Amino acid sequence: MATAACKTCAFYEDHVANSAHQLDDAGLCRANPPVTQKDADSRGFWPVVKSGDWCGKFSTVFAAE
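Note that the structure is predicted; figures quoted are calculated from it, not measured. (Residues numbered from 1 in each chain as written. Predicted model: local features only at pLDDT ≥ 70, side-chain atom pairs only at ≥ 80, totals over all residues. Heavy atoms only, no water.)

Visitor: Is there a simple way to think about the overall build of the chain in this case?
Guide: Assigned secondary structure in the chain consists of 0 helices and 3 strands. Helices (α) and strands (β) of the chain occur, in sequence order from the N terminus, as β-β-β. Counting the 65 residues in the chain, one finds 22% classified as buried. For the chain, the exposed area adds up to about 4,900 Å²; of that, 55% sits on carbon and sulfur atoms. (Helix = DSSP H or I, 4+ residues; strand = E, 2+ residues; numbered from the N terminus. Buried < 20%, exposed > 50% of the residue type's maximum accessible area, 1.4 Å probe, protein only. Areas by Shrake-Rupley, 256 points an atom, 1.4 Å probe, with all protein chains shown as cover.)

Visitor: Please explain empty space enclosed by the protein as it appears in this structure.
Guide: A water-sized probe rolled over the atoms picks out the places where empty space is left. What the rule picks out here adds up to 1 cavity of 30 Å³ or more. Considered as a void within the structure, the largest cavity measures approximately 80 Å³ in volume. Taken together, Cys6, Cys9, Phe11, Tyr12, Cys29, Ala31, Trp54, Cys55, Lys57 and Phe58 make up the full set of residues lining the largest cavity. Residue composition of the lining of the largest cavity, grouped by class: 9 nonpolar, no polar and 1 charged. (1 Å grid on protein atoms, 1.4 Å probe; cavity = no way out; pocket = protein on both sides within 12 Å on 5 of 7 lines; lining within 4 Å. Points joined across faces, edges and corners; volume = space filled by probe spheres on them. Nonpolar A, V, L, I, M, F, W, Y, C, P; charged D, E, K, R; others polar.)

Visitor: I tried to follow the sheet that holds strand 1 (residues 12–13) on my own but got confused; where do I start?
Guide: In any sheet, the strands associate via hydrogen bonds between backbone groups, in a parallel or an antiparallel arrangement. One open sheet holds the 3 strands; their spatial order is 1-2-3, and the pairing between them is antiparallel. The sheet terminates laterally at strand 1 and strand 3 (48–50), the two strands that pair on one side only. Strand direction decides the pairing type here: strand 1 and strand 2 (residues 26–29), joined by 2 bridges, are antiparallel. The residue bridging Tyr12 from the neighbouring strand is Cys29, located in strand 2. (Pairing = 2+ DSSP bridges.)

Visitor: What should I look at first to understand the pattern of salt bridges in this one?
Guide: Two side chains that carry opposite charge are able to pair once their charged atoms sit near each other. For the structure shown, the criterion picks out 1 salt bridge. Here Glu13 and Arg30 are joined by a salt bridge, their closest N and O atoms 2.6 Å apart. Here Arg30 lies in the loop between strand 2 and strand 3 and Glu13 lies in strand 1, a separation of 17 residues in the sequence. For Arg30, a relative accessible area of 29% gives the class partly exposed. (Salt bridge = Lys/Arg side-chain N within 4 Å of Asp/Glu carboxyl O.)

The following block contains the structure:
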């Protein structure tokens, strides 16, 4: 079984986070929709997580469509 950590989760994206800045030891969690912002014309943001974090939605594969 894979270690339950964001870096090994199917929903983790090791990528730049909603800006041009690189993240050290972090990425984006794609398990849920982007988080909305308080301004109506602002776009949502994907949650930024550390690669060693984990949650109850951890999965090594995507569910069948």
